[in-house]
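# Summary of the model geometry
Below, each chain spelled out in residue letters.
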Amino acid sequence: MKASNLGMRLALLSSAGLVALAAPAMAAEADAAASSQKLDDIVVTANKRQESLQKVPIAITAIPAAQLQLRALSAVTDLSAIAPNVSVVPNTTSGTAAVVTIRGIPTSADETQGFDQPIGVYQDGVYLARSSAQGAAVADIERVEVLRGPQGTLFGRNTTGGALNIITRKPSATMGLKVEGTYGNYGLAAGKVIFDTGDIDGIRFTLGYGHDQRNGVTENPLVPGRSKDPGAHNNDSVRFAADYVSQDGNLEIYNVFDYSKVRTTAPVMQLAAVGNGTTPLTTVIDGHTFSNVVPANIAGFLAESTNLNPACPNAIGRTYQTTVCDPTQGQSVDKLLGDMLRVELKLGGVTLRSTSAYREWSNVIGKTDLDGLGPISAPLFVVGNPALPAKGAYIGIPASVLTGVGIPGVVANCLTTGTTGIAGVGIPGLCAAATPAAAPIGVPNASLPLFSADNNRGQNQFSQELELVSNSTGPFKWVLGSFYFKETGYETNNQSIGFVLDTNALVYSPSAVAAFLTGFGYPAASVAALAGTTAAPGSLTLALRAANPARYRLTPVASTLAYNANGESVAVYGQASYRPGGDAGRLGITFGLRYTWDKKGMIRTQNGATPFTGADIPVNVGSASFSAPTGNLAIDYRASDEVNLYARVARGYRSGGFNARAATSSTSTPPLALTPFNNEILWSYEAGAKMEFLHRFRLNVSGFYNEYTNQQVTVPVPIVGAGSFGTQTINAGKTTYTGFEVEGLAKITDYFTIDGNFGYIKIKLKEFNAFDDAGNTVNIASAVRPGAYAPKYTANIAGTLTYPIGSYKLTARVGYNYTSSFVEFGNTITAPFSYQSDADARGLVDAQFKLDGLLGGHAAVTLWGKNITNQHYVTRSVDFGQLGWATVIFGDPATYGVTVTTKF
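Worth saying up front: this structure is predicted, and the values here are computed from it rather than measured.

Turning our attention to the nonpolar core. Residues I298, F301, L450, F451, V500 and W885 are the most contacted members of the largest nonpolar core, which totals 25 residues. Secondary structure elements with two or more residues in this core: β16 (270-274), α3 (298-303), β22 (376-379), β24 (451-470), β25 (476-502), β26 (552-578) and β40 (885-890). When residues in this core are grouped by element, the largest group, 3 residues, is from α3. Discounting residues that sit within four places of it in the chain, F301 has contacts with I376, A378, L450, V500, Y552 and L554. Core analysis: the next-biggest nonpolar cluster, separate from the first, contains 21 residues, A98, V100, I119 and V146 among them.

Applying the stated criterion across every chain yields a total of 1 disulfide. Here C312 engages in a disulfide with C325; their sulfurs sit 2.0 Å apart. Judged by the sign of its S-S torsion, about -95 degrees, the cystine formed by C312 and C325 is left-handed. Of this pair, C312 sits in the loop between β19 (306-307) and β20 (331-347) while C325 is found in the loop between β19 and β20, placing the two residues 13 residues apart along the sequence. For the pair C312 and C325, one class covers both residues: buried.

So, on to the side chain of Q117. Along the polypeptide, Q117 turns up in the loop between β6 (105-106) and β7 (119-123). One polar contact links the side chain of Q117 to the main-chain amide nitrogen of S108, over a distance of 2.6 Å. If we ignore the near neighbours within four places in the chain, the residues touching Q117 are T107, S108, A129, S131, N158 and R654.

The next point concerns the confidence of the model for the protein. Regions with low pLDDT should not have their predicted coordinates read in detail. Averaged over the protein, the pLDDT score is 86; the fraction of residues at 70 or greater is 87%. In this model residues 1-36 is a low-confidence stretch, pLDDT under 50, and it forms 41 contacts with partners more than four residues away in sequence or in other chains. Below pLDDT 50 for its whole length, residues 408-440 participates in 64 contacts with residues either more than four positions away or in separate chains.

On the secondary structure map, T306 appears in strand β19. With a relative accessible area of 44%, T306 lands in the partly exposed category. In sequence terms T306 and N445 are 139 residues apart; their C-alpha atoms lie 9.8 Å from each other. Setting aside anything within four residues of it in sequence, one finds T306 in contact with P375, I376 and S377.

The next thing to look at is unusual backbone geometry. Positive phi, normally seen in glycine, also occurs at R103, with a value near 55 degrees. Tracing the chain through its elements places R103 in the loop between β5 (99-102) and β6. The phi torsion at L855 lies on the positive side, around 55 degrees, for a residue other than glycine. Positionally, L855 belongs in helix α9 (residues 854-857).

Counting buried positions along strand β37 (residues 842-853) yields 10 of 12 residues, so the element is predominantly enclosed. Relative to strand β38 (residues 859-866), β37 is paired through 6 bridges, and the arrangement is antiparallel. For F849, the partnering residue across the bridge sits in β38 and is L863.

What follows concerns the pairing of strand β36 (residues 808-819). Here is the key point about a regular strand: its side chains alternate between the two faces of the sheet. Note: strand β35 (residues 793-805) against β36, 12 bridges, orientation antiparallel. Directly across from T800, in β36, lies its bridge partner R813. A loop of 2 residues connects β35 with β36, the two strands running antiparallel in sequence, and G806 in this loop sits at a positive phi of about 65 degrees. Inspection of the sheet shows β36 paired to β37 by 11 bridges, in the antiparallel sense. Along β37, the bridge assignment pairs T811 with K850.

The next point concerns the sheet that holds β6. If you walk across this open sheet you meet the 3 strands as β4-β5-β6, and the pairing is antiparallel. One side of each edge strand has no neighbouring strand; the edge strands of this open sheet are β4 (86-89) and β6. Bridge analysis of β5 against β6 gives 2 bridges, and the strand direction is antiparallel. Bridge pairing links I102 to I105 in β6.

Moving on to the pattern of salt bridges. All told, the structure shown has 37 salt bridges when counted by the stated rule. K170 is the salt-bridge partner of E252, the closest N and O atoms lying 2.7 Å from each other. Of the two residues, E252 is situated in strand β15 (residues 251-265) and K170 in the loop between β10 (162-168) and β11 (176-184); the sequence distance between them amounts to 82 residues. For K170, a relative accessible area of 34% translates into the label partly exposed. With a shortest N-O distance of 3.0 Å, R359 and D258 are connected by a salt bridge. Of this pair, R359 sits in strand β21 (residues 350-369) while D258 sits in strand β15, and the two are 101 residues apart along the sequence.

Our focus in this paragraph is the packing of aromatic side chains. Each aromatic ring pair is characterised by the separation of its centres together with the angle its planes make. Throughout the structure, instances matching the rule amount to 18 aromatic pairs. For the pair Y595 and W597, a centre-to-centre distance of 4.8 Å together with 50 degrees between the ring planes defines the contact as tilted. A ring pair is formed by Y751 and Y803, whose centres lie 5.7 Å apart and whose planes are at 65 degrees; its orientation type is edge-to-face. Of this pair, Y751 sits in the loop between β32 (724-747) and β33 (752-771) while Y803 sits in strand β35; the two residues are 52 residues apart in sequence, bridging distant segments of the chain. Chaining the aromatic ring pairs together yields one cluster made of Y122, Y127, F155, F483 and F485. One Lys or Arg, R785, reaches over the ring of Y835 and ends 3.9 Å from the middle of that ring.

Moving on, we come to the side chain of N867. Positionally, N867 belongs in the loop between β38 and β39 (874-879). One polar contact links the side chain of N867 to the main-chain amide nitrogen of Q871, over a distance of 3.0 Å. With residues up to four places along the chain from it excluded, the contact list for N867 reads L844, V845, D846, Y873, D892, P893 and A894.

Conventions used here
Residues numbered from 1 in each chain as written. Predicted model: local features only at pLDDT ≥ 70, side-chain atom pairs only at ≥ 80, totals over all residues. Heavy atoms only, no water. Core = buried A, V, L, I, M, F, W, Y, C linked by side-chain atoms within 4.5 Å. Buried < 20%, exposed > 50% of the residue type's maximum accessible area, 1.4 Å probe, protein only. Helix = DSSP H or I, 4+ residues; strand = E, 2+ residues; numbered from the N terminus. Contact = heavy atoms within 4.5 Å. Disulfide = S-S within 2.5 Å. Polar contact = N/O pair within 3.5 Å; in protein donor to acceptor, adjacent residues only side chain to side chain. pLDDT = per-residue confidence, 0-100. Pairing = 2+ DSSP bridges. Salt bridge = Lys/Arg side-chain N within 4 Å of Asp/Glu carboxyl O. Phe/Tyr/Trp six-rings, centres within 6.5 Å; stacked < 30°, edge-to-face > 60°. Lys NZ or Arg CZ within 6 Å of the ring centre and 35° of its normal.

Okay, structure coming up:
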């Protein structure tokens, strides 16, 4: 640890402690001269109209611009634990991907475009369909709204867990210029320029540009400098907005254009666990046998390999490493573009609103090593004579081992691809050498990654929404709408995979040795004695294993996934609220209903070593339609002006689709086609209370019970006749979610506030169907750990001091957020490293100290730090299953810096 880094962290921690100790005294001293202040009212648009957060019968958290700017929150990936039961984990290879979890329901970690997501992410009310394009930073945010629970009426399909809406700032009526610069550790350098023209004959414009770059947080000795180390990024963004309002205020035309280019180096994949040959072959559940996914013995393979670079530790484990080698660290480049046009026309008692939007995203990822190892030299399994049951198996075996079984003249260098055979045997490639003592052919070595990949993918989408919203302030309010959405996407994902083979188990097994001897015409009795059985290997089997120069050998395999996907959705909806007595009435009821029709299609051209041809082409083309109603019923009772009680029931719907990685084969029995999986349904039951006391204390609580049925489950499927395994996604899951949430804000004095939240969830997996070895469908819920990407506890607490010092204003905030550990790969039958790939619990301390009023009130300086206690925690992982290892990704270490902001 560098001394300067330690000093900075100690300074931040010391300042945090001083704030906590001094705040009450400072605030009490200032109280005498300060006037009483109330809590700010927060306005949200969850019901398609502006309403007070405390009056909306929905569990919703809103984070205003001032908090977002102070805490430097600008992307979806920054929002973990910002609201109760909300978690966000970052990408594995792309800079704009994220897994968002709300109330235990996560977006899919599989980013292929046949899956829709159960969490809706929106920008200015525009749906962002792909999770791989949801994590980019958004410039000039006005507020973020997090809606928990199904939002299927007004936000639509794919919001079974909830919705996250990022609302950007409209152009200001006043001309202004904002210039901001940031410098921090790890070479962080960022800048932002935003210009507002002010009102020009009813039209206002704003133009912004931002740049953000940082070096990596883990050193990769195989690349020069630090700008290409794991975790590095270099981003540019542009945003332009125009807003026209007619003189009478009845017409508004609002247009927003944004473009971002995100260049990132993937966070380091640290090798956490490897197979060692001890995984059980089967699991028995209720009398049904399931073949486990058995990992390759990577531990044995690495013992026979040579580390080619002493600077690469090639360590195995979950201990945080500051240096990890990656021989093929490719850069990921994402380009995102979008334009939204919204027109609002007030027609007497109603407002007609039209929102048209187009967005596109492309992502190119250079070849990236994903096994966490530096360059190694490893033995290869060479494909030799195709007539032998075990091709290339006997390369490197001394001649004496073979001549000792009565085959004179057979030496290792005979096992080439020559055509001369032993007389009477007729097996090409086995030759009678003139010199029985000829030197054996050695096992070749090569330096290859166990797993590397590159990707070229993209998506574009168009949406059109029409809404008719009542402007009534009376007892009855309503909204009617229609929605249209269309998208197309593509992906070409190339993978280089190194399968590690145990030649003792595969080619020097008793069955393989018996096949070899039988080919030479050995009598059955001799074959049995020399080959033996699995329980009691024979003399030749044991001799071959003892003489094996390289038991574990690498077989390189190239594989490509390539497809085109498309989708189309149409919906109509309506929602009405009735409150006798108008806004002053105590009792209110809200009812909403929506119906959605979806169409999905996929054309897959490759899913393996070679493109599909012949009869495999039609089985890799799929199309399907889905439809379902969604809706909600809420009753709220305003017991007083400060207490609002509510109960809500809602139905959510996640569309069906296609698993792009699903196994298909026209030659299997029965043939496997690219078949669709169906939609999911969630019923949610919720009750809550929103309370304010003395205009200084706000407390919102909610409890919920969700039942998810027809869940999309991906299971392994044996391809009978094709000699391999694949996956299929079926609707075979049922899960319940029970939990509660608490949010609070206390204005202790006019200068000191405390805010916080707490979330708890219990997840019970009731049904998880899979196929046993006999092809029967069996509930394996007992073998599956529930709650993928879903922490049981989330919490956040912070203290903020805002104190005038003459013409200046000091804002000091110290916050602590906690996320408990969570599962990432829960199926213990298909994920051999399920427990080793869990995410860590983490409690992170952030702090910000801002001084306003500089340069005559035109400038401010903010000193900030994130994870200032420098916790090391696993936030993401990949279980590579049969390949034989698991990798983990750690969250950022302590980061800190200074931001200078000027406004004119």
